[in-house]
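Residue-level listing of the chains:
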Amino acid sequence: MKKVLLIIGFNLLFLNVNAQTSDATNDWNLVQKTLNLYIDGVGTTDSVKVSKAFHHSWQMKFFEDNKLNTMKKAKYMERFDIPPHAKSDKWSGRIVFIDITGTAAVGKVEISTTKLLFTDYFNLMKTNEGWFIVDKISSRAPHRIVEVTTSK
């Protein structure tokens, strides 16, 4: 009888661990999907994709002209008043990392253009409708040019 109870206990333990691993993998994939929706939307100026990634309360914070600025979602979406287009081959975006704890997540994204490197940090929340970006802090800097010396 003890062996049967022990076997049942181990089975329940392993089922619970598998369920938690599956949920974590699923959440990671859903956060990745949300961040990629943003990246694809920005790269193609597709306002529908960008808006779907953002929660309605979304806001961006950035430092410019020696002060901290905040931009609400409606103002940010005004940037997408041109029709969507194909991504330029001189533009790229990538997810640097994702960290998830329960219903909260953070992600780092880099977007590279010919002149600038944008680094965006996103806070995401899991709602009944899925994962959404709730806010963003952003920084931009000129690309560093590294001269490579050749030996002769």
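An account of the accompanying structure is given in this report. Throughout, residues of each chain are indexed from 1 in the direction in which the sequence is written. The predicted origin of the model limits local features to residues at a pLDDT of at least 70 and limits the giving and counting of side-chain atom pairs to 80 or more, whereas totals for whole chains, interfaces and linings rest on all residues. Here the side-chain values reflect all heavy atoms present in the structure, with hydrogen atoms and water set aside.

Summing up its helical and strand segments, the protein has three helices and six strands in all. Each helix is a run of DSSP H or I of at least 4 residues and each strand a run of E of at least 2, with the numbering of both proceeding from the N terminus. Along the protein, helices and strands appear, N-terminal first, in the series α-α-β-β-α-β-β-β-β. Relative accessible area decides the class of each residue, using a 1.4 Å probe on protein chains only: under 20% of the type maximum gives buried, over 50% gives exposed, and in between gives partly exposed. Counting only residues that meet the buried cut, the protein has 28% of its 152 residues in that class. In this description, contact between two residues means that some pair of their heavy atoms is separated by no more than 4.5 Å. In the protein, of all internal contacts separated by at least 6 residues, the share reaching a separation of at least 24 is 48%. Shrake-Rupley sampling with a 1.4 Å probe provides the accessible areas, and residues are treated as covered by the protein chains on show and by no other component. For the protein, the accessible surface area stands at approximately 10900 Å², while carbon and sulfur atoms represent 57% of it.

The salt bridge criterion pairs a side-chain nitrogen of Lys or Arg with a carboxyl oxygen of Asp or Glu, the two atoms within 4 Å. Evaluation of the coordinates by the stated rule reveals six salt bridges. Its salt-bridge partner being Lys126, residue Asp27 comes within 3.0 Å of it at the nearest N-O pair. Of the two residues, Asp27 sits in helix H1 (residues 2-44) while Lys126 sits in strand E5 (residues 116-127), which places them 99 residues apart along the sequence. When its relative accessible area of 10% is taken as the criterion, Asp27 is described as buried. On the basis of relative accessible area, Lys126 is assigned to the partly exposed category, the value being 36%. Residue Lys75 is joined to Glu78 by a salt bridge in which the shortest nitrogen-to-oxygen separation is 3.5 Å. According to the relative accessible area criterion, Glu78 is partly exposed, its value standing at 49%.

Along the chain, Thr44 falls in helix H1. Once residues within four sequence positions are removed from consideration, Thr44 is found in contact with Pro84, His85, Ala86 and Lys87.

Turning to the sheet that holds strand E3 (residues 92-101), a few remarks are in order. A pair of strands counts as paired when DSSP detects no fewer than two bridges linking them. The strand order across the open sheet built from six strands is E2-E1-E6-E5-E4-E3, with neighbouring strands paired in mixed fashion. Bordering the open sheet on either side are strand E2 (67-72) and E3, each of which pairs with just one other strand. Averaged over all neighbouring strand pairs, the angle between strand axes comes to 20°, with direction disregarded. For strand E1 (residues 54-64) and E2, the ladder comprises six bridges, and the chain directions are antiparallel. Looking at E2, one finds that Met60 is bridged to Met71. Helix axes use the C-alpha atoms of the stretch in contact, all axes being lines fitted to C-alpha atoms, and the angles between their N-to-C directions lie in the range 0 to 180 degrees.

Turning our eyes to something else, we now look at unusual backbone geometry. With a phi angle near 50°, Thr45 is a residue other than glycine that sits in the positive phi range. You can see Thr45 is positioned in the loop between H1 and helix H2 (47-53). Even without being glycine, Asn66 reaches a positive phi, approximately 60°. Within the element layout of this structure, Asn66 appears in the loop between E1 and E2. Assessed through its relative accessible area of 71%, Asn66 is described here as exposed.

The values are spatial; any link to function lies outside them.
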